[in-house]
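So you can see what is in the structure, the chains are spelled out below.
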Amino acid sequence: MAKYEQLAQELKTLIAQGVWQAGDKLPSLRQTVADSGLSLMTVLNAYQLLESQGVITAQAKSGYLVAPQPETFRYPDRQRQIYLSDKVDINEFVFSVLQASKQAGIVPFGSGFPDPSLFPQQALARSLVKVTRHMSPSFAADNLPPGNAGLRKAISQRYAKLGMSISPDEIIITSGAMEALNLSLATLTQAGDWVVIESPTFYGAMQAIERLKLKAIAVATDPQLGIDLEALAEVLKTYPVKACWLMSQHQNPLGCSLSDTKKQALYQLLNEHKVSLIEDDVYQELYVDSSAPRPVKAFDTEGRVLHCGSFSKSLIAGYRVGWVAAGLHAPQLQRLQVMSTLSTSAPMQLAIADFIQSAQYERHLKQLRKKLADRKLAMYQLLRAHLPESVGVNFAQGGYFLWLALPAHMDATQIYSQGIERGISIAPGNLFSNQVEFRHFMRLNASYECSPEIVSAVVVLAELIRNYSR
């Protein structure tokens with residue numbers, strides 16, 4: 001074992017023993033050099049190794065902090081790894097929850113979007129004014145499907161930074177990620193087909209399955225490790241699956257990300273059965289590592305992965321601009337788009353193309369990642385300080401969601417209703433599954449600064465959980 005590995009192991013042991021706890025600042029690099037007698041490079045390598053393992057996290061101007069360690073966070077009954085549903089019926093419940101969360105003055109723990117104050121709205125407005133001033137008379141026709149050429153080229157160049165070769169011709173600009181995902185599913189399936197989703201899953205997947213009259217197979221997904229590949233393999237052997245829809249990074253609602261090894265294994269498994277993957281990757285830019293993770297699409301050699309992204313979670317929500325790198329399905333998907341929405345707003349495409357090709361975009365992303373990481377850690381600490389010990393809080397690096405497990409007898413929908421009355425929204429577990437297994441779970445949005453209002457809301461939420469009565 002190298003010296004830096006020995007030091008990393010020693011520090012990990014001290015953290016496990018509680019010498020340093022989640023949120024605590026580790027000794028500085030120079031202090032550790034002085035204490036250990038090791039070189040600065042050895043100490044730096046040890047800290048970077050711990051960071052790559054998720055044990056610690058680097059915070060600008062703060063040094064290295066201990067990251068929350070995975071709690072014993074497993075579902076009470078894991079015997080059922082697969083859930084079959086001939087009919088998905090989720091739209092009405094989703095609509096009612098989203099409508100209630102829009103009320104004025106609500107603390108938006110149930111929101112699916114980051115704190116809007118994190119977005120560079122003024123800078124984007126300047127880009128919009130700039131491109132509008134110089135639009136040609138033919139701008140509307142120039143931005144019909146597959147979308148603005150400059151924006152598709154800029155997205156292609158961002159793929160290239162990940163070591164991926166994605167032609168602009170493969171990219172189709174859409175009205176947000178939901179259109180990209182819905183068009184992808186419509187391209188791959190017909191009414192009555194089986195589709196694999198995660199359990200729990202993003203409610204948008206269930207809405208799309210319901211709308212297209214498809215049948216769902218929900219495969220168990222671990223809060224830290226992601227989808228169960230053994231269970232998925234059994235499904236693919238047993239059922240005529242036409243598509244698989246999942247999130248490989250910062251999954252909604254769990255927050256987990258697949259390792260590169262698991263991403264590659266997932267792709268190989270699906271490719272073996274000639275099943276296409278709809279990869280919902282709207283949180284791709286919200287990582288915390290020093291380098292960007294690569295999606296499953298990076299392992300795609302057959303063009304079977306439809307990689308869907310969006311600027312709604314990393315840049316601005318209101319512009320509703322997304323895309324899909326559709327591989328061999330690009331021509332068919334483009335035809336479907338022409339028959340549905342026709343095209344995405346041309347001025348919005350032009351404004352985003354202008355902005356993401358500037359240095360401002362990278363500066364914004366760097367600041368966004370830091371603020372989200374800081375706020376998520378602060379929210380985790382706040383929850384642990386106020387919630388009963390019987391409540392589990394799943395913390396996964398990246399993104400901005402926290403997934404809470406209440407005692408099994410509780411129903412988060414009841415707490416949701418009581419919370420709305422007290423001016424607080426949450427996302428109850430039933431929003432993410434067609435099964436009852438997740439009724440005692442909830443998702444919280446941790447992208448907001450821990451202001452007095454947020455602290456008060458957490459105190460109220462803890463009170464509702466303690467006073468729960470069935």
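As the structure is a computational prediction, the values presented were derived from the model and not from experiment. (Residues numbered from 1 in each chain as written. Predicted model: local features only at pLDDT ≥ 70, side-chain atom pairs only at ≥ 80, totals over all residues. Heavy atoms only, no water.)

A.B. asks: Quick rundown of the packing of aromatic side chains? Include the residues and the values.
C.D. replies: Evaluated as defined, the whole model comprises 14 aromatic pairs. On the numbers, 5.4 Å between centres and 70 degrees between planes, the contact of Tyr 380 with Phe 395 is edge-to-face. Here Tyr 380 is found in helix H14 (residues 359-386), whereas its partner Phe 395 is found in the loop between strand E13 (392-394) and strand E14 (401-405), with 15 residues between them in sequence. In this pair, the class of Tyr 380 matches that of Phe 395, namely buried. Look at Trp 403 and Phe 438: their rings are 6.5 Å apart centre to centre, the planes differ by 55 degrees, and that puts the pair in the tilted class. Here Phe 438 lies in the loop between strand E16 (427-428) and strand E17 (441-445) and Trp 403 lies in strand E14, a separation of 35 residues in the sequence. Overall, Trp 403 belongs to the buried group, its relative accessible area being 0%. (Phe/Tyr/Trp six-rings, centres within 6.5 Å; stacked < 30°, edge-to-face > 60°. Helix = DSSP H or I, 4+ residues; strand = E, 2+ residues; numbered from the N terminus. Buried < 20%, exposed > 50% of the residue type's maximum accessible area, 1.4 Å probe, protein only.)

A.B. asks: Residues and numbers for the state of the cysteines, please.
C.D. replies: For the structure shown, the criterion picks out zero disulfides. There is no disulfide at Cys 308, and the cysteine sulfur nearest it, in Cys 244, is 13 Å away. (Disulfide = S-S within 2.5 Å.)

A.B. asks: Describe the environment of Gly 419, and please don't skip the residues or the numbers.
C.D. replies: Inspection of the secondary structure puts Gly 419 in helix H15 (residues 412-421). The contact partners of Gly 419, leaving out residues within four places of it in the chain, are Ile 424 and Leu 464. (Contact = heavy atoms within 4.5 Å.)

A.B. asks: Pulling in residues and values, what's your account of unusual backbone geometry?
C.D. replies: Cis rather than trans, the peptide bond between Ser 199 and Pro 200 has omega equal to 5 degrees. Within the secondary structure, Pro 200 sits in the loop between strand E6 (194-199) and helix H9 (203-211). Of note, the phi angle at His 250 is positive, near 55 degrees, even though the residue is not glycine. Position of His 250 relative to the elements: it lies in the loop between strand E9 (241-246) and helix H11 (260-272).

A.B. asks: So, empty space enclosed by the protein: which residues are in play, and what are the values?
C.D. replies: For the coordinates displayed, the defined rule picks out two cavities of 30 Å³ or more. Here the second largest cavity defines a volume of roughly 90 Å³. Lining the second largest cavity we find Thr 57, Gln 59, Ala 67, Pro 68, Val 288, Ala 373, Lys 376, Leu 377, Phe 395, Gln 397, Gly 398 and Gly 399. Those elements that place two or more of their residues in the lining of the second largest cavity are strand E1 (56-59) and H14. (1 Å grid on protein atoms, 1.4 Å probe; cavity = no way out; pocket = protein on both sides within 12 Å on 5 of 7 lines; lining within 4 Å. Points joined across faces, edges and corners; volume = space filled by probe spheres on them.)

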